[in-house]
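# Coordinate inspection notes
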Amino acid sequence: MAEIGTITLYREKSVVHKVEELNEDDGGNAPPALTMRSNRITIPVKTAESTIMIVVRGQNIPGTMRMAAIVVDEVRREANVLKEPDAVDWESLWRRKVSKYENDYNRQNWVSVHIAGETVFMGGEGRDGIAEVEALAVGEEVTDAIVSEAASTVLGALEDLVVEHDSQTAIVFTPSPTGYRGAILERRDRKTGAFSVSVQHPTPQKPVRLSHFLSYCADIAEALTHKSFLDRVQELIAENALSTSNITPALTQATRNRRRELVDQIGNFEEANKVGFRPERPNFA
């Protein structure tokens, strides 16, 4: 069976400018020639022959983690997917993971899957430059040089390019003989915090599925995002400023319903498994 190592999620943003545009007399306000913003998950899969890197990218953290859970399940079910990824109906598997809330209120949602540098799935609208970057990185760290070369391919640019690439580690999933641990860096309301969550296998013969733990952490991340949004709604109400925002009553109620659904899913996982938090369990209410 293929062995899956430490899974890491990065928040990444790459901005590419053409030098000639920067030199124009426009006050430095020329728009970028190319912008790539996504969450990037790296999944090392060790086989008998080698270690193959799988990358999952996505528009938001919960969706990217849910797609990673799909990939992990497929690799665990049939390791030959590493050699024949086209045998998997990635589109159908992804669509089953997209909630009605996402379909209604986040139509820009997208994910992609890359195995050993090859793009095997791009769900949602294609993102310029993503496939080119992954073909060059082959699962390793994305550098300014890689972004620049990929941008040259996309833009067909012979001019010099200026690249600003930023990558921040957001979540690290670590497997161990006794269970899994997720170290999560949380950014809410312009503040940064961190917590970790772990789950223990009931027995070595009956381990918790890694995909279930990834999905559970995705539910946590999404629930916290909705909590932050609803907290902001309450602030606007207190300031008598909600009417000047673009937040509708329908969106607010749908967010409450989605958060309630996620809290139920989180509770179901915690009832079925031995879960621990450090320093403490986040408050989703």
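Preceding block: the structure.
Residues numbered from 1 in each chain as written. Predicted model: local features only at pLDDT ≥ 70, side-chain atom pairs only at ≥ 80, totals over all residues. Heavy atoms only, no water.

Secondary-structure assignment places glycine 129 in the loop between β6 (118-123) and α5 (130-137). For glycine 129, a relative accessible area of 3% corresponds to the buried category. In contact with glycine 129, not counting residues within four places along its chain, are Met36, Ala150 and Val154. (Helix = DSSP H or I, 4+ residues; strand = E, 2+ residues; numbered from the N terminus. Buried < 20%, exposed > 50% of the residue type's maximum accessible area, 1.4 Å probe, protein only. Contact = heavy atoms within 4.5 Å.)

This brings us to the nonpolar core. The biggest cluster of nonpolar side chains holds 55 residues, and the ones touching the most others in it are Ile43 and Met65. Here this core gets 10 residues from one element, more than from any other, and that element is helix α7 (residues 210-238). Counting 15 residues, the second-largest nonpolar core is a separate cluster that includes Leu34, Trp110, Ala137 and Ala157. (Core = buried A, V, L, I, M, F, W, Y, C linked by side-chain atoms within 4.5 Å.)

Another aspect to go through is the packing of aromatic side chains. Per the counting criterion, the structure on display carries 6 aromatic pairs. When the ring of tyrosine 101 is compared with that of tyrosine 105, the centres are 5.4 Å apart and the planes differ by 40 degrees; the resulting orientation is tilted. A residue pair is termed a helical-turn pair when its members lie 3 or 4 positions apart in one helix, as tyrosine 101 and tyrosine 105 do in helix α4 (residues 100-105) at 4 residues. Residue tyrosine 105 is classed as partly exposed on the basis of its relative accessible area, which comes to 36%. Ring geometry for phenylalanine 195 versus phenylalanine 277: centroids 6.4 Å apart, planes at 40 degrees, classification tilted. (Phe/Tyr/Trp six-rings, centres within 6.5 Å; stacked < 30°, edge-to-face > 60°.)

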